[in-house]
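Residue-level listing of the chains:
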Amino acid sequence: MNFEFFVSKRLVAKSDHKSSISAPIIKIAIAAITIGIVMMLIAFGTGLGLQEKIRDKIAAFNGHIIINNFSNDQSNITFEPVTKNQDFYPEFESIPEINHIQTVATKYGIIRTETDFEGIVVKGVGEDYRWDFLEEFLVEGELPVFDEKISKQVLISSYLANRLDFEVGEKIIVYFMREDQDRLPRSVGLTISGIFDSGFQEFDKTYVIADLKQIQRLNNWESHEVGQFEMFVEDFTQIESVGFKVYENIGSFLNASTIIEKYPSIFEWLKMFDFNIALIIGIMILVAGINMITALLVLILERTQMIGILKALGATDWSVRKIFLYNAGFLIFKGLFLGNIIGLGILFIQKYFEIIPLNPETYYVTTAPIYIDWTYIVFVNIGTLILCLLMLLIPSIIISKISPVKAIKFE
């Protein structure tokens, strides 16, 4: 049997620290660890959740990596077509990190009603389009079906539907400018099949999803000509390295750019969350550690006579130190348990009930998104336990300074 663990367990079981001196200090130490764990879990859950949700929303309208002509670079509109007959389409065999490629094209348009009008970007997508992102945002109606025939179905945002008073099933007229500016705009009648709401107003007020063949017809393109390719990577953390590989493997007449390059300000803002998470973790562990140091010193003070007796019976300084480190470990585990119950409870409540709203104009989402992963939960708990115990090693040295004779006489 482990002697130090046995003695420490007996000390905890007897609950002798309910004396007037140590009780409040120990409770404060446990509360500090509990609050620290709660704050760290919330920081990870909301910070990573917001990063993931915003990345997914940007990817829903752009993919992760975009391949187009240099003439279309930095523009929402594809002016010059690209042929689909590429070595990397429909599968980029030389870069296995790419898990999906889709062809799209975009064109400026104007929706006009009897009382109002709105400038939009009509995004044409084909049979290879990845609908899972937009399906998540669908709030009314259904996704359009694009097959061999030219479809008149479109998907519009709730922003445009509310702005122009549209409903599912209603027909809309979209006007497209011709290359010859002297000619009247070309009008196309389309039918709303569904309404989506991504919460990303920059995209919601801009894009209308339509059939790629409509854009090809309006631009007088051949069936093999598209505006650009959108690619998705398996692991978003590798997007920059994969983007460089793509650029090297598509030839000199095409350009490849990542959504990080296209929306640098948004991703720079997202990087700030990593710093905020690290700062919160540092502060919480420091506060918890300081409180545990205080609690340990009080426990040592209360058990001075016991320390003297153990030393007189032959216990080494390190053996006595381990007793108090085990004792402190019990307190840390209690704080970790309470912190996890409260912290994970808050995260799951927000994840499934979305009780905390956010301003979409500032955060690009309507509610605080939550990302729950056992990796960071284990990291927070083990990291807190190890760092707190390491911080307790230094104050426990005071035990080696206690003289057995004086300790036994200590009142």
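What you see is a predicted model, and the numbers here were worked out from it, not measured in a lab. Counting starts from 1 at the beginning of each chain's written sequence and moves along it residue by residue. Totals for whole chains, interfaces and linings use every residue, but because this is a predicted model, local features are given only for residues with pLDDT of at least 70 and side-chain atom pairs only at 80 or more, for both listing and counting. Heavy atoms from the whole structure form the basis of all side-chain values; hydrogens and water molecules are not counted.

Asks: Explain unusual backbone geometry residue by residue, including any values.
Replies: With an omega of 5°, the peptide bond running from Y89 to P90 counts as cis. Within the secondary structure layout, P90 lies in the loop between β2 (82-83) and β3 (98-112). For N220, which is not glycine, the phi torsion reads 60° and is therefore positive. Strands here mean DSSP runs of E at least two residues long; helices mean DSSP runs of H or I at least four residues long; both are numbered from the N terminus. Its location among the elements puts N220 in the loop between α6 (212-218) and β10 (225-226). Although it is not a glycine, Y364 sits at a positive phi angle of roughly 65°. With respect to the helices, strands and loops of the structure, Y364 is situated in the loop between α12 (360-363) and α13 (374-393).

Asks: Before we move on, could you go through the pattern of salt bridges and cite the residues and values that matter?
Replies: Salt bridge, as used here: a side-chain nitrogen of Lys or Arg that lies within 4 Å of a carboxyl oxygen of Asp or Glu. Counting across every chain of the model gives 8 salt bridges. The salt bridge involving D211 is made with K213; its shortest N-O contact spans 3.4 Å. A single burial state applies to D211 and to K213, both of which are buried. Connected via shared salt-bridge partners are D116, E118 and R163. Here's how the labels work: a residue is buried when its accessible area is under 20% of the maximum for its type, exposed when over 50%, partly exposed in between, all with a 1.4 Å probe on protein chains only.

Asks: Give a detailed account of the pairing of strand β8 (residues 186-196), specifying residues and quantitative values.
Replies: Inspection of the sheet shows strand β5 (residues 138-141) paired to β8 by 3 bridges, in the antiparallel sense. Counted as the bridge partner of G141 is G194 from β8. A pair of strands is labelled paired if DSSP reports no fewer than 2 bridges between them. For strand β6 (residues 153-157) and β8, the ladder comprises 5 bridges, and the chain directions are parallel. Along β8, the bridge assignment pairs S157 with F196. Bridge count between strand β7 (residues 171-176) and β8: 6 bridges; the pairing is antiparallel. Residue pairing in the sheet places Y175 in a bridge with S187 of β8.

Asks: Tell me about the nonpolar core, and name the residues and values.
Replies: Of all hydrophobic cores here, the largest spans 75 residues; its most connected members are I98 and V246. The biggest single contributor to this core is helix α2 (residues 22-62), with 6 residues. Contacts between residues were defined by any pair of non-hydrogen atoms, one from each residue, lying within 4.5 Å. The contacts of V246, once residues within four sequence positions are left out, are I65, I67, F92, I95, I98, M231 and A256. Residues grouped as a nonpolar core are buried Ala, Val, Leu, Ile, Met, Phe, Trp, Tyr and Cys residues, joined through side-chain atoms within 4.5 Å. Residues A29, I33, I377 and C388 belong to the second largest nonpolar core, which totals 43 residues.

Asks: I'd love a proper account of a nonpolar patch on the surface, names of residues and values included.
Replies: Only residues whose relative accessible area exceeds 30% and that take part in no salt bridge are eligible for patches, with like-charged residues grouped when within 9 Å of each other and nonpolar side chains (Val, Leu, Ile, Met, Phe, Trp, Tyr) grouped when within 5 Å. All accessibility values rest on the Shrake-Rupley procedure with a 1.4 Å probe; residue burial counts only the protein chains present in the view. Taken together, F348, I349, Y352, F353, I355 and I356 make up a surface patch of nonpolar side chains, about 650 Å² in accessible area. Position of I349 relative to the elements: it lies in helix α11 (residues 317-353).

Asks: So, empty space enclosed by the protein: which residues are in play, and what are the values?
Replies: Buried and open spaces are told apart on a 1 Å grid over the protein atoms alone, a cavity being a set of points where a 1.4 Å probe fits but cannot get out and a pocket being an open set with protein on both sides within 12 Å along at least five of seven lines. Residues with an atom within 4 Å of a point are the lining residues. Grid points are joined across faces, edges and corners, and a volume is the space filled by probe spheres set on the points. According to the stated counting rule, one finds 3 cavities of 30 Å³ or more in the structure shown. In this structure, the second largest cavity spans a volume of roughly 70 Å³. Lining the second largest cavity are 12 residues, and of these N76, T106, Y207, Q228 and K262 lie nearest its centre. Broken down by secondary-structure element, the contributors of at least two residues to the lining of the second largest cavity are α2 and β11 (228-233). Three categories are distinguished: nonpolar for Ala, Val, Leu, Ile, Met, Phe, Trp, Tyr, Cys and Pro, charged for Asp, Glu, Lys and Arg, and polar for the others, with Gly belonging to the last. Taken together, the residues that form the lining of the second largest cavity break down as 3 nonpolar, 6 polar and 3 charged.

Asks: Describe the environment of T106, and please don't skip the residues or the numbers.
Replies: Assignment of secondary structure puts T106 in strand β3. Given a relative accessible area of 5%, T106 falls into the buried group. Distance from T106 to R130, taken between C-alpha atoms, is 16 Å for residues 24 residues apart in sequence. In this view, T106 contacts N76, I77, T78, V121, V122 and K123; residues no more than four positions away in its chain are not counted.

Asks: Please provide a residue-by-residue account of the layout of surface pockets, values included.
Replies: Considered as a void within the structure, the largest pocket measures approximately 530 Å³ in volume. Looking at the lining of the largest pocket, the elements with two or more residues in it are β3 and β7. With 5 residues, the top contributor of residues to the lining of the largest pocket is β3.

Asks: Account for the packing of helix α10 (residues 304-312) against α11, with residues named and values stated.
Replies: Two quantities define a packed helix pair, namely the angle between the axes and the distance from one axis to the other. Following both chains from N to C, one finds α10 and α11 inclined at 145°, their axes separated by 10 Å at the closest point. Crossing angle aside, the handedness with which α10 passes α11 is right-handed. Contacts from M306, I307, L310 and K311 of α10 reach α11 at D317, V320, I323 and F324. Between N-to-C directions, angles span 0 to 180 degrees; the directions come from axes that are lines fitted to C-alpha atoms, helices contributing only their stretch in contact. Each crossing gets its hand from how the near helix is turned against the far one by less than a right angle, where anticlockwise is left-handed and clockwise is right-handed.

Asks: Before we move on, could you go through the packing of aromatic side chains and cite the residues and values that matter?
Replies: Pairs of aromatic rings are described using the distance from one ring centre to the other and the angle between the two planes. Here is the rule: rings of Phe, Tyr and Trp (six-membered ring for Trp) pair when centre to centre is within 6.5 Å. Planes less than 30 degrees apart are stacked, more than 60 are edge-to-face, and the remainder are tilted. For the coordinates displayed, the defined rule picks out 21 aromatic pairs. With 6.0 Å between their ring centres and 50° between their planes, W131 and F146 make a pair best called tilted. Taken together, the positions of W131 in the loop between β4 (117-125) and α3 (132-137) and F146 in the loop between β5 and β6 put the pair 15 residues apart, joining distant regions of the chain. Here W131 matches F146 in class, with each residue buried. Where Y371 meets Y376, the ring centres are 6.5 Å apart and the plane angle is 35°; that geometry is what we call tilted. By relative accessible area, which is 26% here, Y371 ends up partly exposed. Accessibility expressed as a relative area gives 5% for Y376, which makes it buried. Three or more aromatic residues joined by ring pairs make a cluster, and in this case those are F61, F196, F200, F203, Y207, Y263, W269, F273, Y363 and Y364.

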